[in-house]
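These are the residues of each chain, in order.
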Amino acid sequence: SALLEKAYAKHNGSYEALSGGSTTEGFEDFTGGVAESYELKKAPRDLHRIIGKALERGSLLGCSIDITSAFDMEAVTFKKLVKGHAYSVTGLRQVEFRRQQERLIRIRNPWGQVEWTGAWSDGSSEWNTLDSAEKDEMLCKMEDGEFWMSFEEFLRQFSRLEICNLTPDALSQDTTSFWTTATFNGSWRKGSTAGGCRNHPNTFWINPQYKISLLEEDDDPDDDEAACSFLVALMQKDRRRYRRQGQDMHTIGFAVYEIPHEFKGSQSVHLKKDFFLRHSSCARSENFINLREVSARLRLPPGEYLIVPSTFEPSKEADFVLRVFTEKQCETKDMDDGVMFNLEEEQEITESDIDDSFRSMFAQLSGDDMEISVRELRTILNRVVSKHRDLQTDGFSMESCRSMVSLMDKDGSARLGLLEFQIIWNKIRKWLAIFREFDLDRSGCMNSYEMRLALENGGFKLNNKLYQMLIARYADNEIIDFDNFTCCLIRLEAMFRIFQGLDRDGTGTVEINTVEWLFVTMCG
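Residues numbered from 1 in each chain as written. Predicted model: local features only at pLDDT ≥ 70, side-chain atom pairs only at ≥ 80, totals over all residues. Heavy atoms only, no water.

Section: the overall build of the protein
Now for step 1: The helix and strand tally for the protein stands at 14 helices and 19 strands.
Now for step 2: Total accessible area computed for the protein in this model is approximately 27500 Å², and 48% of it derives from carbon and sulfur atoms.
Now for step 3: Each charge class in the protein was averaged separately, 64 positive and 86 negative side chains, and the resulting centres sit 4 Å apart. (Helix = DSSP H or I, 4+ residues; strand = E, 2+ residues; numbered from the N terminus. Areas by Shrake-Rupley, 256 points an atom, 1.4 Å probe, with all protein chains shown as cover. Lys, Arg positive; Asp, Glu negative; His and termini not counted. Charge placed at Lys NZ, Arg CZ, Asp CG, Glu CD.)

Pasting the structure below:
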């Protein structure tokens, strides 16, 4: 056990990282299961059914009595129960007692001694009312630490119940029932997927989204409700090892939404801000809390639902794992947008389409050779944007101007002629209109979530990983100015057009040789 403890400490970064936490964290780390906790003073009405099914599935169950001070730790009560002590639940039974059905629960003290002395304890008179065969089957009068008590007494005497639900691969082959499980690994990243909770409607929608389709209702003859039981557990990963850097657990939680009819069956749709403004959640974690894991047992009618995990505040970065345990078969999917671009046909412009004022301006700017170089383009654009007082910009860089020239340069001269300059000029005017439309707070720059909406309006639909990359490259502290926005759009359009040219069969995949690869990466 010492070797195992050393390996566990090394995995978490140090022995110091193991301090604190809870029993359920150990349960989960050594079994891979999902833990849930119940305060028995506020126990759900179907707790007896929950415990019964947990025992059928081979789950680990523990219970304890809360302490009010350090002096209470492992203090023994009048009826021989130990406070602050970890008991295990090992069985559940229903017997006939005084012409009524009595629910009993079997509990074990890991000490192997000090047993309950109240009703249904080893030597109590209640056992004399049972059939002798049933009594012999259930009762063992040894001082083995295991004892029975009534379920009602259990709810009164104990404070907390913890259940660790195991995955099918951790169970023995003779287990008669088990959960159906789905696991998603995700991340919250500042500017792209860390939107905070529902209190932040402008950014909540950018959080990762996962779809779960509940297909079959529970098999429970005692329950007339057509509902599906499932567990949702959200865990933030590797937070213990960050303690040395002064970081602690984030405050996390999740919300569940019913997917409306118009989106049912959708494979690649990341629902946007308007959806969450119009729809309320149908279930959620009980609260947002700074624990390693937040979990909830839920019951909803068969249908399609959306799970949105989040931190409480926006822009909090962390990796997480979301696990869903269902009683029946279900279907799950990461609801991320597919990657696509609505490519408009290139404008067919002839010299006769260009008006005299634009032709005169071009002649003045281009000089005797009637072509505009990268440096000249930069001078022109910076002179133009400086006149727009409503735009925040550091000016166009040589790199962004090279990308513009590369997008339009058909002959490899690295210069723009009259027609090419007219086309790029029209694109910049179009992108300026989009930028102003989605600069919702009229700040002259864009937040990262405003940029996501602007890119979609410009015809680009990207997934979360691509947005993370774009924000990291083109944003400064989650803020994007006009020149970076323009440079991003130019780069995206150029790469999509190159791919479209290489994908001659329209299959969505391309095969390229070394020369083509170098051309795309170095000149694209």
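Overview of the pairing of strand β5 (residues 146-150)
Now for step 1: For β5, the buried fraction is high: four of the five residues fall into the buried class.
Now for step 2: In the sheet, strand β4 (residues 100-108) pairs with β5 via five bridges, with the strands oriented antiparallel. Paired with Arg106 across the two strands is Trp148, which belongs to β5. (Buried < 20%, exposed > 50% of the residue type's maximum accessible area, 1.4 Å probe, protein only. Pairing = 2+ DSSP bridges.)

What to know about helix α13 (residues 482-502)
Now for step 1: The end-to-end C-alpha separation of α13 is 30 Å, in line with the 30 Å expected for 21 residues at 1.5 Å each.
Now for step 2: Regarding α13, the residues found buried are Phe482, Asp483, Phe485, Thr486, Cys487, Cys488, Leu489, Ile490, Leu492, Glu493, Ala494 and Arg497. (Expected span 1.5 Å × (residues − 1).)

Some details on the nonpolar core
Now for step 1: Leu377, Phe421, Leu455, Phe482 and Phe485 are the most contacted members of the largest nonpolar core, which totals 50 residues.
Now for step 2: For this core, the secondary structure elements donating two or more residues are α7 (356-366), α8 (374-385), α9 (398-408), α10 (418-438), α11 (448-457), α12 (464-474) and α13.
Now for step 3: The dominant element in this core, judged by the number of residues it contributes, is α10, at eleven residues.
Now for step 4: Sequence-distant contacts of Phe485, defined by excluding residues within four places in its chain, comprise Trp431, Ile434, Phe435, Met446, Met451, Ala454, Leu455 and Ile480.
Now for step 5: Tyr210, Leu298, Ile307 and Val324 belong to the second largest nonpolar core, which has 25 residues in total. (Core = buried A, V, L, I, M, F, W, Y, C linked by side-chain atoms within 4.5 Å. Contact = heavy atoms within 4.5 Å.)

Focus on the UniProt feature "domain: EF-hand" (unreviewed entry) in the protein
Now for step 1: Per the UniProt record, the feature "domain: EF-hand" (unreviewed entry) sits at residues 426-461.
Now for step 2: Between the end C-alpha atoms of residues 426-461 there is a gap of 22 Å, over a span that is 64% helix and 11% strand. (UniProt positions renumbered as here; feature names shortened; annotations may be inferred.)

Here's the deal with the UniProt feature "active site" (unreviewed entry) in the protein
Now for step 1: In this structure's numbering, the residues bearing the UniProt feature "active site" (unreviewed entry) are His85 and Asn109. For the residues just named, distributed over 25 residues, the greatest C-alpha separation is only 8.4 Å, placing them together at one site.
Now for step 2: Looking at where His85 falls in the secondary structure, it is placed in the loop between β2 (60-64) and β3 (87-97).
Now for step 3: Residue contacts for His85: discarding those within four places in its chain leaves Cys63, Ser64, Ile65, Glu74, Asn109, Pro110 and Trp111.
Now for step 4: In this structure, Asn109 sits in the loop between β4 and α4 (132-138).

Digging into the sheet that holds β4
In any sheet, the strands associate via hydrogen bonds between backbone groups, in a parallel or an antiparallel arrangement.
Now for step 1: Spatially, β1-β6-β2-β3-β4-β5 is the arrangement adopted by the six strands of the open sheet, whose pairing is antiparallel. Of all strands in the sheet, those bounded by a partner on one side alone are β1 (34-39) and β5. Strand-to-strand twist of the sheet, defined as the mean angle between neighbouring strand axes without regard to direction, takes the value 35°.
Now for step 2: Of the pairings in the sheet, the one linking β2 to strand β6 (residues 160-165) comprises five bridges and is antiparallel in character. The partner of Leu61 across the bridge, within β6, is Ile163. (Axes fitted to C-alpha atoms, helices over the stretch in contact; angles between N-to-C directions.)

Re the sheet that holds strand β13 (residues 303-311)
Now for step 1: As summarised here, the arrangement of the five strands in space is β11-β10-β13-β8-β15, forming an open sheet in which the pairing is antiparallel. A strand with exactly one partner marks an edge of an open sheet, and here the two such strands are β11 (283-284) and β15 (330-334).
Now for step 2: As paired strands, strand β8 (residues 210-214) and β13 are joined by five bridges and run antiparallel to one another. Pairing of Tyr210 across the sheet is with Ile307, part of β13.

Some words on α7
Now for step 1: For α7, every residue scored as buried is listed here: Phe358, Phe362 and Ser366. Looking straight down α7, one finds its buried side chains confined to an arc of 55°; they lie on one side. Those residues of α7 that are exposed and aimed more than 90 degrees away from the buried face are Asp356, Ser357 and Gln364.
Now for step 2: Elements that come into contact with the buried residues of α7 comprise α8 and α10.
Now for step 3: The positive-phi residue at the C-terminal boundary of α7 is Gly367, with phi of around 85°. (Arc of directions from axis to C-beta.)

Concerning the domain arrangement of the protein
Now for step 1: As far as domains go, the protein holds domain 1 (2-170), domain 2 (180-336) and domain 3 (351-523).
Now for step 2: Domain 1 and domain 3 are separated by 65 Å when their C-alpha centres are compared. (Domains from an automatic or database assignment.)

Side note on the side chain of His48
Now for step 1: Mapping His48 onto the fold places it in helix α3 (residues 47-56).
Now for step 2: The residues contacting His48, other than those within four sequence positions of it, are Leu92, Gln94, Arg103 and Phe151.

Quick look at the packing of aromatic side chains
Now for step 1: Applying the stated criterion across every chain, the model contains 24 aromatic pairs.
Now for step 2: A ring pair is formed by Tyr210 and Phe320, whose centres lie 6.4 Å apart and whose planes are at 85°; its orientation type is edge-to-face. Of this pair, Tyr210 sits in strand β8 while Phe320 sits in strand β14 (residues 318-326), and the two are 110 residues apart along the sequence. One exposure class covers both Tyr210 and Phe320, and it is buried.
Now for step 3: Between Phe341 and Phe460 the ring centres are 4.1 Å apart and the planes differ by 5°, which places this aromatic pair in the stacked class. Of this pair, Phe341 sits in strand β16 (residues 340-341) while Phe460 sits in strand β18 (residues 460-461); the two residues are 119 residues apart in sequence, bridging distant segments of the chain. With respect to class, Phe341 is no different from Phe460; both count as buried.
Now for step 4: Of note, Arg57 hangs over the ring of Trp179, and the distance from its end group to the ring centre comes to 4.0 Å. (Phe/Tyr/Trp six-rings, centres within 6.5 Å; stacked < 30°, edge-to-face > 60°. Lys NZ or Arg CZ within 6 Å of the ring centre and 35° of its normal.)

Observations regarding the packing of α9 against α10
Now for step 1: For the pair α9 and α10, interaxial distance at closest approach is 10 Å and the crossing angle is 120°. Taken together, the axes of α9 and α10 lie oblique to each other. Taken as a pair, α9 and α10 cross one another with a handedness that is right-handed. Between α9, through Met404, Leu407 and Met408, and α10, the contact on the second element is made entirely by Glu420, Ile423, Ile424, Lys427 and Ile428. (Parallel < 35°, antiparallel > 145°, perpendicular 65-115°, else oblique. Left-handed = near helix turned anticlockwise from the far one by under 90°.)

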